[in-house]
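Notes for the structure review
Spelled out, the chains give:
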Amino acid sequence: MTKLRLYSAKACPFAHRTRLVLQEKAIDFELTEVDLQNKPRAFVDASLYGKVPAIEHEGHRIWESAIINEYIEEVFPEPRLLPREPGKRALARIWIDYSNTRLVPAFTQLLRAENRDQEAEGRKALGDVLAFIEREALARSSGQGPYWLGAEVSLVDLSFYPWFERLSAVGRLRDFSIPAELTRLRAWIEAVQARPAVRAIQNPVEFYVERFAKFVKPATTAA
């Protein structure tokens, strides 16, 4: 089997997802860091959308992090990162979709707000998403386990975590913090952060503050 090649960008949360999966499964791979302002030809050929992550493996070119991660799960099945039971596997996919369609837009809305009103709206949107995760996900799915689906880490945890690694930077720039009453969410973050695979590629908060600062404009009142 040929070695998997990953096209990534260190600051990209979507690429971060796939790197976490590769770390958790201890897969040997070739990493190509991509300058998205000066994309190399090999990357453009591998990712028809021109986005990271993208992989090349066994003659396949695959892009979009959720699809890549399921491919990796199928080709390298151990350790398992999706449940065996179809209903639970479907639930995992629902939550991964929630990260893409709810968490990411709310996170981006707050980060890129252009005036005080938009910032307030973004803060509320993100707060609502986090409360929903506490109430409808972790309080129902985790049981006594520390992870999203219980005792074992899954693709769900690895799909959500990159935004939570970056949340402290947004907190500094936008005066946002996870409400104290979201105790399950806070415990989940601590459990995921403690994993060796996560620590191995973790970036300090200053790394994200430096990159996010360009999106934060001086606060103004909406016209």
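The rules we used
Residues numbered from 1 in each chain as written. Predicted model: local features only at pLDDT ≥ 70, side-chain atom pairs only at ≥ 80, totals over all residues. Heavy atoms only, no water. Helix = DSSP H or I, 4+ residues; strand = E, 2+ residues; numbered from the N terminus. Rg over C-alpha atoms; globule rule 2.2 N^0.38 Å. Buried < 20%, exposed > 50% of the residue type's maximum accessible area, 1.4 Å probe, protein only. Areas by Shrake-Rupley, 256 points an atom, 1.4 Å probe, with all protein chains shown as cover. Lys, Arg positive; Asp, Glu negative; His and termini not counted. Charge placed at Lys NZ, Arg CZ, Asp CG, Glu CD. Pairing = 2+ DSSP bridges. Expected span 1.5 Å × (residues − 1). UniProt positions renumbered as here; feature names shortened; annotations may be inferred. Core = buried A, V, L, I, M, F, W, Y, C linked by side-chain atoms within 4.5 Å. Contact = heavy atoms within 4.5 Å. Axes fitted to C-alpha atoms, helices over the stretch in contact; angles between N-to-C directions. Parallel < 35°, antiparallel > 145°, perpendicular 65-115°, else oblique. Nonpolar A, V, L, I, M, F, W, Y, C, P; charged D, E, K, R; others polar.

Okay, the overall build of the chain next. Helix and strand counts for the chain come out as nine helices and four strands. Along the chain, from the amino end to the carboxyl end, the secondary structure elements read β-α-β-α-β-β-α-α-α-α-α-α-α. In terms of overall size, the chain behaves like a compact globule, its C-alpha atoms giving a radius of gyration of 18 Å where 223 residues would be expected to give roughly 17 Å. Taken along its principal axes, the extent of the C-alpha atoms in the chain is 55 × 45 × 25 Å. Sorting the 223 residues of the chain into buried and exposed places 48% on the buried side. Just so you have it, the chain exposes about 11,300 Å², and 51% of that area is on carbon and sulfur atoms. Side chains of the chain carry 32 positive and 30 negative charges; the gap between the two charge centres is 1 Å.

What follows deals with the pairing of strand S4 (residues 60–63). Relative to S4, strand S3 (residues 54–57) is paired through four bridges, and the arrangement is antiparallel. Bridge pairing in S4 places alanine 54 opposite tryptophan 63. In textbook terms, the turn of a hairpin is the stretch between consecutive antiparallel strands, and for S3 and S4 this stretch comprises two residues, one of which, glutamate 58, has a positive phi near 50°.

Moving on to helix H1 (residues 13–24). Its twelve residues place the ends of H1 16 Å apart at the C-alpha level, agreeing with the 16 Å of an ideal helix rising 1.5 Å per residue. For H1, a buried count of ten out of twelve residues is recorded, marking the element as mostly surrounded by other parts of the structure. When we look at burial in H1, the residues that qualify are Pro13, Ala15, His16, Arg17, Thr18, Arg19, Leu20, Val21, Leu22 and Glu24. At the C-terminal side of H1, alanine 26 shows a positive phi close to 55°.

Further remarks concern the UniProt feature "domain: GST C-terminal" (unreviewed entry) in the chain. Per the UniProt record, "domain: GST C-terminal" (unreviewed entry) is annotated on residues 85–215. Helix makes up 73% of residues 85–215 and strand 0%, with an end-to-end C-alpha separation of 42 Å.

In this structure, Leu130, Ile133, Phe160, Phe164, Leu185 and Trp188 are the most contacted members of the largest nonpolar core, which totals 59 residues. Breaking this core down by element, the ones donating at least two residues are strand S1 (4–8), H1, helix H3 (65–75), helix H4 (86–111), helix H5 (116–141), helix H6 (155–174), helix H7 (183–193) and helix H9 (205–212). Setting aside residues no more than four positions away along its own chain, leucine 185 makes contact with Leu130, Ile133, Glu134, Leu138, Phe164 and Ile178. Counting nine residues, the second largest nonpolar core, distinct from the first, contains Ala15, Val34, Phe43 and Val52.

Turning to the sheet that holds S4, a few remarks are in order. The mixed open sheet is built from four strands, whose spatial order is S2-S1-S3-S4. One side of each edge strand has no neighbouring strand; the edge strands of this open sheet are strand S2 (29–33) and S4. Between one strand axis and the next, the sheet turns through 20° on average, direction left out of account. Set on the sheet, H3 makes contact with S1, S3 and S4; between it and S4 the angle comes to about 135°.

Next up on the list: the packing of H1 against H3. H3 packs onto H1 with a crossing angle of 10° between their chain directions and a minimal axis gap of 9 Å. Looking at the two axes, H1 sits roughly parallel to H3. Residue-level contacts link Phe14, Arg17, Thr18, Val21 and Leu22 of H1 to Ser65, Ala66, Ile68, Asn69 and Ile72 of H3. Among the residues forming the contact of H1 with H3, the class breakdown is six nonpolar, three polar and one charged.

Relative to the helices and strands, lysine 25 resides in the loop between H1 and S2. Here lysine 25 falls in the buried class, since its relative accessible area comes to 7%.

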